[in-house]
Amino acid sequence: PRSTLFPYTTLFRSIVNTAIGGCLYRMQRYAEAARTLEATLETAPGFGHAHWSLGRVLLEQGLWDEAIRHFDRAAEIMGHPPAALAESAYCHARMGRRDAAQAAIKELRRRSKNEQVSPLSEALVYAGLGDDDAAMERLELAFRRRMLQLIWVNVDPRFAALRNNPGFRDLISSMGLPALL
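What counts as what
Residues numbered from 1 in each chain as written. Predicted model: local features only at pLDDT ≥ 70, side-chain atom pairs only at ≥ 80, totals over all residues. Heavy atoms only, no water. Helix = DSSP H or I, 4+ residues; strand = E, 2+ residues; numbered from the N terminus. Buried < 20%, exposed > 50% of the residue type's maximum accessible area, 1.4 Å probe, protein only. Polar contact = N/O pair within 3.5 Å; in protein donor to acceptor, adjacent residues only side chain to side chain. Contact = heavy atoms within 4.5 Å. Salt bridge = Lys/Arg side-chain N within 4 Å of Asp/Glu carboxyl O. Expected span 1.5 Å × (residues − 1).

K.L.:
Got a minute to help me understand the side chain of His-51 in this structure?
P.N.:
Among the secondary structure elements, His-51 is positioned in helix H3 (residues 48–60). Residue classification places His-51 among the buried positions, given a relative accessible area of 8%. One polar contact links the side chain of His-51 to the main-chain carbonyl oxygen of Pro-45, over a distance of 2.8 Å. Setting aside chain neighbours within four positions, we find His-51 in contact with Leu-41, Pro-45, His-70, Arg-73, Ala-74 and Ile-77.

K.L.:
Which parts of the structure should I look at to understand the pattern of salt bridges?
P.N.:
Pairing of side chains with opposite charge becomes possible as their charged atoms draw close. Counting across every chain of the model gives 10 salt bridges. Note that Glu-76 and Arg-73 form a salt bridge whose closest N and O atoms lie 2.8 Å from each other. Linking Glu-76 with Arg-73, this pair stays in helix H4 (residues 64–78), spanning 3 residues, or about one helical turn. Take Arg-73: its relative accessible area is 31%, and that puts it in the partly exposed class. Here Arg-109 makes a salt bridge to Glu-122, at a shortest N to O gap of 3.0 Å. In this pair, Arg-109 is assigned in helix H6 (residues 98–111) and Glu-122 in helix H7 (residues 119–129), connecting sequence segments 13 residues apart. By relative accessible area, Arg-109 is classed as partly exposed at 40%. Classification of Glu-122 as buried rests on a relative accessible area of 4%. Overlapping salt bridges bring together Arg-56, Glu-87, Asp-156 and Arg-158 as one network.

K.L.:
Looking at this model, I keep getting lost on helix H8 (residues 132–144). Mind explaining?
P.N.:
For H8, spanning 13 residues, the distance from its first C-alpha to its last is 18 Å, which sits close to the expected 18 Å at 1.5 Å a residue. If you check which residues of H8 are buried, you get Ala-134, Ala-135, Met-136, Arg-138, Leu-139, Leu-141 and Ala-142. Where H8 is buried, its residues contact H7 and helix H9 (166–175). Of the residues trailing H8, Arg-146 is marked for its positive phi of about 55 degrees.

Structure representation (structure tokens):
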């Protein structure tokens, strides 16, 4: 019966639409990504990953406070994973709130003693701070650990400032990804 399938249909649509929003984000089609993710949240307001993805889009549009609000909501829904802390810290770094971003790095390192913290989380915060050397060090560690999420680094707008870095180009080449200009 339809009533039994409804929650699964909503979940499936939420997952698919959030993935589409993520692709549009990586293509830097922010307005379309925002519309897709906002529509997802209208039908599934408790879908954390859609909040997380919308936060990324809003950040790139310079809507800092709204981005932070969505990152915080995603963290609340998803149980405050380290990656959510990194997303918020990256936003703070981009806003010029260096102290908040550096405090988050300390928190990520503290949490890494008891739980899995991806080096990509620290790399993201360092990228936001403009510390290319530290960001590259963490990206290279992610590569050595063969972290699956690294496949997006070449098209991730948050790492765009690193694309001309020789170490970044070497990393991309080592992964067999095409260099972007």
